[in-house]
Amino acid sequence: MQHLLSTEQMGRSEAESLLDDADGFLEVLDRPIPKVPALRGRTVATLFFEPSTRTRMSFERAAKALSADTLSFSPSGSSVSKGESLKDTVLTVQAMGADLAVVRHKAVGAPWRVAEWAQMRVVNGGDGAHQHPTQALLDALTIRRSLGGLDGLRIGIIGDIRYSRVARSNCFLFPTLGADVTLIAPPTLLPVDTEGWPVRHSSDLDAEIGSLDVVYLLRVQTERGGASVFPSLSEYVRRYGLTQRRFGMLKDEAVVLHPGPMNRGVEVSDVVADDPRCLVLDQVANGVAVRMAVLFRLLGGTSG
Amino acid sequence: MRQVMEPSDITRALRRIAHEIIEGNKGVDDLVLLGIPTRGVPLAERLAGVLEAIEGVAVPTGILDVALYRDDVGRNPTPNVGSTEVSTSVEDKTVVLVDDVLYTGRTIRSALDAVTDLGRPARIQLAVLIDRGHRELPIRADYVGRNLPTALAQRVTVRVVETDGDDGVFIEQGEGF
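Residues numbered from 1 in each chain as written. Chains lettered and ligands numbered in written order. Predicted model: local features only at pLDDT ≥ 70, side-chain atom pairs only at ≥ 80, totals over all residues. Heavy atoms only, no water.

Q: Explain the overall build of chain A to me, please; I cannot follow it from the model alone.
A: Helices and strands together make up the secondary structure of chain A, namely eleven helices and nine strands. Of all 304 residues assigned to chain A, the portion counted as buried reaches 59%. For chain A, restricting intrachain contacts to residue pairs at least 6 apart in sequence, the fraction spanning at least 24 positions comes to 76%. Carbon together with sulfur atoms contributes 50% to the accessible area of chain A, which is approximately 11900 Å² in total. If the 33 positive side-chain charges of chain A are averaged to one point and the 35 negative ones to another, these points end up 5 Å apart. (Helix = DSSP H or I, 4+ residues; strand = E, 2+ residues; numbered from the N terminus. Buried < 20%, exposed > 50% of the residue type's maximum accessible area, 1.4 Å probe, protein only. Contact = heavy atoms within 4.5 Å. Areas by Shrake-Rupley, 256 points an atom, 1.4 Å probe, with all protein chains shown as cover. Lys, Arg positive; Asp, Glu negative; His and termini not counted. Charge placed at Lys NZ, Arg CZ, Asp CG, Glu CD.)

Q: Would you take a moment to explain the sheet that holds strand β1 (residues 43-48) of chain A for this structure?
A: One key point about sheets: their strands pair by backbone hydrogen bonds, in either a parallel or an antiparallel sense. All names here are of chain A. Taking strand neighbours across the sheet as the criterion, the four strands line up as β2-β1-β3-β4 in an open arrangement whose pairing is parallel. Unpaired on one side and paired on the other, β2 (69-73) and β4 (121-127) mark the two borders of the sheet. The mean angle between the axes of side-by-side strands here comes to 15°, regardless of whether they run parallel or antiparallel. Pairing analysis gives five bridges linking β1 to strand β3 (residues 100-105), with the strands arranged parallel. Of the residues in β3, the one forming a bridge with alanine 45 is alanine 101. (Pairing = 2+ DSSP bridges. Axes fitted to C-alpha atoms, helices over the stretch in contact; angles between N-to-C directions.)

Q: It is not clear to me how the pattern of salt bridges should be interpreted in this structure. Could you clarify?
A: Working definition: two side chains of opposite charge can pair if their charged atoms are close together. Overall, the coordinates contain 30 salt bridges over all chains when judged by the stated rule. Taking the shortest distance from any N to any O, the salt bridge between Arg12(A) and Asp151(A) comes out at 2.8 Å. Remark: Asp151(A) occurs in the loop between α5 (133-147) and β5 (154-158) and Arg12(A) occurs in helix α1 (residues 12-29); sequence separation between them is 139 residues. Close ionic contact of Arg16(B) with Glu20(B) constitutes a salt bridge, the shortest N to O distance being 2.9 Å. Taken as a pair, Arg16(B) and Glu20(B) lie in helix α1 (residues 7-25) at a separation of four residues, close to a single helical turn. Using a relative accessible area of 26% as the deciding quantity, one classes Glu20(B) as partly exposed. Here the salt bridges share partners, and the residues they tie into one network are Asp20(A), Asp23(A), Arg144(A) and Arg145(A). (Salt bridge = Lys/Arg side-chain N within 4 Å of Asp/Glu carboxyl O.)

Q: Looking at this structure, I do not really get the environment of Arg132(B). What am I missing?
A: All names here are of chain B. By the element assignment, arginine 132 lies in the loop between β5 (123-131) and β6 (143-147). With 44 residues separating them along the chain, arginine 132 and threonine 88 place their C-alpha atoms 31 Å apart. In this structure arginine 132 touches Val101, Leu102, Tyr103, Leu148, Thr150, Ala151, Leu152, Gln154, Arg155 and Val156, once residues within four positions along its chain are discounted.

Q: Honestly, a negative patch on the surface in this entry has me stumped. Any pointers?
A: There is a patch of like negative charges on the surface, built from Asp29(B), Asp30(B), Glu55(B), Glu91(B) and Asp92(B). Turning to its location among the elements, Asp29(B) is positioned in the loop between α1 and β2 (31-35). (Patch = residues over 30% accessible without salt bridge, like charges linked within 9 Å, V, L, I, M, F, W, Y side chains within 5 Å.)

Below you can see the structure in the form of structure tokens.
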């Protein structure tokens with residue numbers, strides 16, 4: 001594996017072997033000294049051209065637990081505000097000795113361009129509304145650890161799918177791992193073209209919810225225009241929110257995932273968000289292990 | 001491919017090593033056996049079985065994955081990450097590392113780092129089924145099933161029932177023979 005850019009072309013055995021490694025790294029993170037020397041001397045740069053705290057922290061934690069060094073970069077107050085191009089920024093960071101760049105950018109495809117320009121390994125940390133592959137891997141790991149595997153599971157991805165790179169990554173990875181995925185959203189929040197996606201859709205959450213093993217809630221992304229495509233937040237809650245009433249309609253063993261940060265009272269009720277079957281904090285913990293698996297896969301081999 | 005140990009040779013070697021471990025440590029109190037994947041793991045379990053049969057006390061065993069401690073990261077394809085499973089504390093214990101073949105010593109060096117990340121044992125010892133020589137580091141085994149002089153180009157293969165379906169130790173001639 002050279003780069004991790006998308007889940008779209010990822011095969012089942014590749015995904016599963018990353019998840020297996022992540023299981024091993026969860027054990028490392030649970031030790032009295034949660035750190036191994038595996039990537040000593042390697043440098044991981046986090047190039048986040050969009051604001052992000054949790055994903056960046058998760059990657060930095062993962063790099064440090066593998067004994068890699070980290071360089072971090074944020075666009076405000078940096079050379080980007082002085083007009084430096086993406087290419088020049090990337091080559092500058094590479095010249096400082098980075099071996100791998102985690103790239104988050106609002107422009108779809110930016111990490112692919114970076115991978116063309118640079119000799120570094122590249123991990124897509126989120127490009128526009130396109131892909132966020134490590135999020136999908138950590139979600140798959142969370143489901144696998146909680147329910148034993150994804151084969152035959154019914155997973156509903158609910159909400160703001162149109163503007164969600166998380167949904168686009170999960171739409172491909174979950175079916176690759178054997179799950180049956182239904183997108184549940186108002187038609188205005190579905191992507192214009194889902195031809196070729198291995199998923200079904202529905203706009204009726206109440207009709208679907210009783211058959212789901214996993215409820216995957218997306219954040220209503222007001223900053224990306226999400227709020228302008230339905231009449232009001234309260235109508236959204238009424239039709240698509242995971243209220244206590246709907247939580248009661250779930251199968252007993254069904255679990256709830258959310259990529260965070262949650263809008264309590266919008267896509268998820270306050271009480272449901274604190275229920276032990278809501279695995280948000282497991283997702284966060286598993287995210288560090290998955291990112292360790294990705295960094296180790298990309299930097300732990302020959303010519304890494 | 002020449003067979004150098006039969007199943008019964010392996011059983012006898014493990015039985016002797018078990019006796020030596022008991023003699024060297026004056027019993028099995030405070031002993032922890034850690035197998036190094038892949039074949040060190042079943043060998044550690046077998047040794048624990050023999051020790052229990054002799055002393056009547058169960059000896060804790062565990063799995064020590066060393067992939068993340070190797071000094072050749074970046075020289076080979078990325079290894080898979082195994083899981084370290086050590087349910088008892090190694091603090092102030094006598095840890096016996098168990099592996100199938102002792103060769104360059106680099107795996108054992110990684111294992112020493114891996115163990116000390118789990119705690120501070122009172123002492124660490126090493127038991128191997130085969131010592132084939134060609135050390136690259138100042139490391140030696142405390143308990144050896146069979147010393148097997150080899151040429152560098154030769155290949156030593158240990159098979160165990162638990163992972164390979166049968167027991168046996170084999171030497172293959174490499175290039176140039």
